[in-house]
Structure formats: C-alpha cells, structure tokens
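Survey of secondary and tertiary structure
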Amino acid sequence: MLLHFYKMNGAGNDFIVIDNRDLSNNLDTDTIAALCDRHRGIGADGLLAVEPAENGADYKFRYYNADGGEAEMCGNGARCFGRFTSHLTEEMPEKVSFETIAGTLDAVMIGDDVRIAMSTPKDLQLNLPISIDDLDAKMHFINTGVPHVVSFVESLDELDVFNHGRDIRQHSHFAPAGTNANFAKVLAPDHIAIRTYERGVEDETLACGTGMVACALVHHLLTGAPSPIKVDVEGGDTLEIGFEKTGDDSFTNVTLTGPADFVFEGEIEI
Ligand SMILES: N[C@H](CCC[C@H](N)C(=O)O)C(=O)O
C-alpha cells in the first residue's frame, strides 16, 4: 500500500505528517517506528496524523514518537499541524482548533510563524528529591502536555545531554510513563538556551516545544522573569513562550510561537 506523506519541521524537530481524515491509514507501532527510522525509513523525531474531530474542534491531532508509541501532545508538531492545515482547506485559516490527548488546542498563523495555545501546565514540583550521577544541578518537574524535567546548568556546550538525559528519562521516580529531560542556561532575565533529551526518541532532538515551555515556566518560577521569554534551541532557532500567572505556581494563556516549515512531500510503500 502506498502512503502519501509530508515531511515538516518545527525549529528542527522533524515530523512525518499524514492526512488520515478518512481513517484509512491504521498504522501500527512497528510501521510508525520503521517510517521514522533515519537509515531505513523516511526519518523523523515523530509522526503526526490528522484525523476527524470527535468533540467539535476542527480536527483531531494524534502524535507518535519515533519509537512508534503515542504521546499525549507535541508542541512543535502542533505548530507544524497548524501550518499543514493550509493544505487541508483552500485558504490558510487564521485559527485552527484540534483535539489532542492533552486537551483541545488552537493554532494561529502569525506571518512565517505559528503560535499555539498550550494546555494548562500541571503537576509542578520544584526541587525534586532525587539526583543523578555527575549532574550537579537541582531538578524540577512540570507537565506541559507531556512530562518534563528541567535542570538549570552553568554551561550547555560541554554537557553530556545523552547520558544525563537517559538517566533522568529512565529514573524510577518517573516510572512507568518516564519523562523528557531538559537542560537550560540563563542568557538574560528574559532569555534562556536549552537542550532536550526526548522520551520516545531516546536521544537529543534539535528542539522540543513542550520542553521549551517547561523550561521557560520553571525559569519564571525561579527568577520571576516576566512573559514573554525567549528560548534558544540546539537547532539554532529562537522561539517565544508567553504566559499569564493565575496563582503562585499556576499558569494560563501559555503560548509557543516559532517557525513551522514544509520540507518535502512523498509516497512510500508500507
Ligand atoms: N517526546 C515527547 C513528545 C514530543 C514532544 C516534543 N517533540 C515537543 O515538541 O513537544 C514525549 O514523549 O513526551
């Protein structure tokens, strides 16, 4: 069977996108993992499928990590989805809504960028009671649609993101779901840089949207930095996180704004 797909990326976090509104593509875990394989398949950090909405939004958005497992949400993937909807309708919609496991979200096109309204962050825990070998930094936890650990460090360049990230991702404290692991450095009061080890990719990615949001919100909680906060990612882009406070450690109107680009379109035998 021939599968028609689009290849997109959001700040270097790359995705296979399929229009599954007719629900004709029932891809299993192994098939998704094979499609995401960078040597034997198309190659991507994940796959996103557009499906019919079930609860009144414009579409349903399903996200699968490179290992084929379904995740609750994907920030960069949601921005690519927003851009992709231009292919689904004649004109580029100003705003599009889509259902995810993490909730119903909106995407708004802003010139070359796409802004998504994130789900309400939850399960915040500063200063976790755990540590990992050779990482001299406090760890904090927040769920920004998917689980994230955030550690602020003095230098990102020399950091062993793969090994520290894997140790955190696999730590028993987060079992059985696991977590993504982010390392951040403060560049200025309203500007941080981050690197992310992603659950389900099991490696560092060039950008992680929900991870950027997690790092920006923890940065606010630790320093009082006001919205918006700029975030530099490993792939070289700078994205913007907006938010409003509704209490000591609760947020609303959390947004992620940045690039979302088509790369190519193709067909592959599955
Ligand atoms: N790997 C993540 C999902 C994708 C998140 C990331 N690609 C983003 O842009 O938010 C997880 O399993 O929680």
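Residues numbered from 1 in each chain as written. Predicted model: local features only at pLDDT ≥ 70, side-chain atom pairs only at ≥ 80, totals over all residues.

1. Observations concerning helix 4 (residues 209-223)
Inclusion rule: A run of H or I in DSSP becomes a helix once it reaches four residues, and a run of E becomes a strand once it reaches two; helices and strands are each numbered from the N terminus. Here, expected helix span is obtained from the residue count minus one, scaled by 1.5 Å. Once C-beta atoms are placed from the backbone, each residue is buried if 20 or more other C-beta atoms lie within 10 Å of its own, exposed if 12 or fewer, and partly exposed for counts between those two.
Its 15 residues place the ends of helix 4 21 Å apart at the C-alpha level, agreeing with the 21 Å of an ideal helix rising 1.5 Å per residue. Helix 4 sits mainly inside the fold: 11 of its 15 residues count as buried. Among the residues of helix 4, those classed as buried are Gly209, Thr210, Gly211, Met212, Val213, Ala214, Cys215, Ala216, Leu217, Val218 and His219. Looking one or two residues beyond helix 4, the residue adopting positive phi is Gly224, at roughly 80 degrees.

2. What to know about the site of the ligand
Stated precisely, the cut-off is as follows: Whether a residue is near a molecule or strand depends on its C-beta atom, placed from the backbone, lying within 6 Å of it. Think of it as three bins: nonpolar holds Ala, Val, Leu, Ile, Met, Phe, Trp, Tyr, Cys and Pro, charged holds Asp, Glu, Lys and Arg, and polar takes everything else, Gly as well. By convention here, the domain bounds are inherited from an automatic or database domain assignment.
In the region of the ligand, 18 residues are neighbours, and Gly75, Asn76, Val146, Gly209 and Thr210 sit closest. Tallying contributions element by element places helix 2 (residues 75-88) first for the shell around the ligand, with three residues. Counted by class, the shell around the ligand contains five nonpolar, 10 polar and three charged residues. Summarising the domain contributions, the shell around the ligand has at least three residues from each of domain 1 (2-117 + 260-269) and domain 2 (122-259).

3. Comments concerning the nonpolar core
Generally speaking, a soluble globular protein has its nonpolar side chains buried in company with each other. The cut-off we apply is this: The nonpolar core criterion groups buried Ala, Val, Leu, Ile, Met, Phe, Trp, Tyr and Cys residues into a set whenever they are joined through C-beta atoms within 7 Å. Here, residue contact means that the backbone-derived C-beta atoms of the two residues sit within 7 Å.
Judged by nonpolar contacts, the single largest core of 69 residues is most densely connected at Leu47, Leu48, Met212, Cys215 and Val231. With seven residues, helix 4 is the largest single contributor of residues to this core. Beyond its immediate stretch of four places on either side in the chain, Met212 contacts Gly75, Ile194, Val231, Val233, Leu239, Ile241 and Leu256.

4. Focus on the domain arrangement of the protein
Looking at the protein, the domain boundaries give domain 1 (2-117 + 260-269) and domain 2 (122-259). Look at where the C-alpha atoms of domain 1 and domain 2 centre, and you get two points 23 Å apart. With 25 residues of domain 1 in contact, the opposing surface of domain 2 contributes 24 residues. When contributions to the side of domain 1 that touches domain 2 are tallied by element, the ones reaching two or more residues are helix 2 and strand 8 (113-117).

5. Re helix 3 (residues 161-169)
Put simply, the rule is: This arc is built from the directions going out from the helix axis to the C-beta atoms.
Every buried residue belonging to helix 3 is among His164, Gly165, Ile168 and Arg169, and all of these are buried. The buried residues of helix 3 occupy one face: seen down the axis, they fall within an arc of 135 degrees. Structurally, helix 3 contributes buried residues whose contacts are with strand 11 (147-152), strand 12 (180-188), strand 13 (191-198) and strand 14 (203-205).

6. Quick notes on the environment of Thr29
By the element assignment, Thr29 lies in helix 1 (residues 29-36). It is 37 Å that separates the C-alpha atoms of Thr29 and Asp136, two residues lying 107 residues apart in sequence. Those residues in contact with Thr29 that lie beyond four places of it in its chain are Gly68 and Gly69.

7. Looking at unusual backbone geometry
The omega torsion of the bond from Ala175 to Pro176 falls at 0 degrees, within 30 degrees of zero and hence cis. Note on placement: Pro176 falls in the loop between helix 3 and strand 12. Looking along the chain, the bond that leaves Ser227 and enters Pro228 is cis, with omega of 0 degrees. Here Ala11, not a glycine, exhibits a phi torsion of approximately 60 degrees, which is positive. A count of 28 C-beta atoms within 10 Å places Ala11 in the buried class.

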